[in-house]
Amino acid sequence: MFRFTGGFGKNKELDTMIQRIEMNVSNNYKDAAQEGLREFEGMLEKLENEGKVKGKQKVYYEEKLAEFRNRMKNFTHKDQKPTWV
């Protein structure tokens, strides 16, 4: 389960996206969580390119992105095992 623990974040838009992803994962909303991950990745890249996220913030958000990617590697409906098998 994901838990938002704060840290070096402080970018309201990215922090909101993290919370939304965590909520979708905890509710087992696989498609919404995957979509949120893609949006988070795109927004992080955009903000990094604009120089709005750098230093410790950049490291913090890149670590969150890596954590989400790793945890959601097989977090899809097609990978879900039927309970009757």
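Residues numbered from 1 in each chain as written. Predicted model: local features only at pLDDT ≥ 70, side-chain atom pairs only at ≥ 80, totals over all residues. Heavy atoms only, no water.

1. Comments concerning unusual backbone geometry
Backbone geometry at asparagine 28 places phi at a positive 65°, although glycine is not the residue there. Its place among the elements puts asparagine 28 in the loop between helix H1 (12-26) and helix H2 (30-49). (Helix = DSSP H or I, 4+ residues; strand = E, 2+ residues; numbered from the N terminus.)

2. Examining the packing of H1 against H2
Running from N to C, H1 and H2 point in directions that differ by 165°, and their axes come no closer than 9 Å. Judged on the interaxial angle alone, H2 and H1 are roughly antiparallel. For the crossing formed where H1 meets H2, the hand is left-handed. Residues Glu13, Leu14, Met17, Ile18, Arg20, Ile21, Asn24 and Val25 of H1 form the contact with H2, whose own contacting residues are Ala32, Ala33, Gly36, Leu37, Glu39, Phe40, Met43, Leu44 and Leu47. (Axes fitted to C-alpha atoms, helices over the stretch in contact; angles between N-to-C directions. Parallel < 35°, antiparallel > 145°, perpendicular 65-115°, else oblique. Left-handed = near helix turned anticlockwise from the far one by under 90°. Contact = heavy atoms within 4.5 Å.)

3. Topic: the nonpolar core
With 18 residues, the main nonpolar core has Leu14, Phe40, Tyr61 and Met72 as its most contacted residues. When residues of this core are assigned to their parent elements, the largest contribution, six residues, is made by H2. (Core = buried A, V, L, I, M, F, W, Y, C linked by side-chain atoms within 4.5 Å. Buried < 20%, exposed > 50% of the residue type's maximum accessible area, 1.4 Å probe, protein only.)

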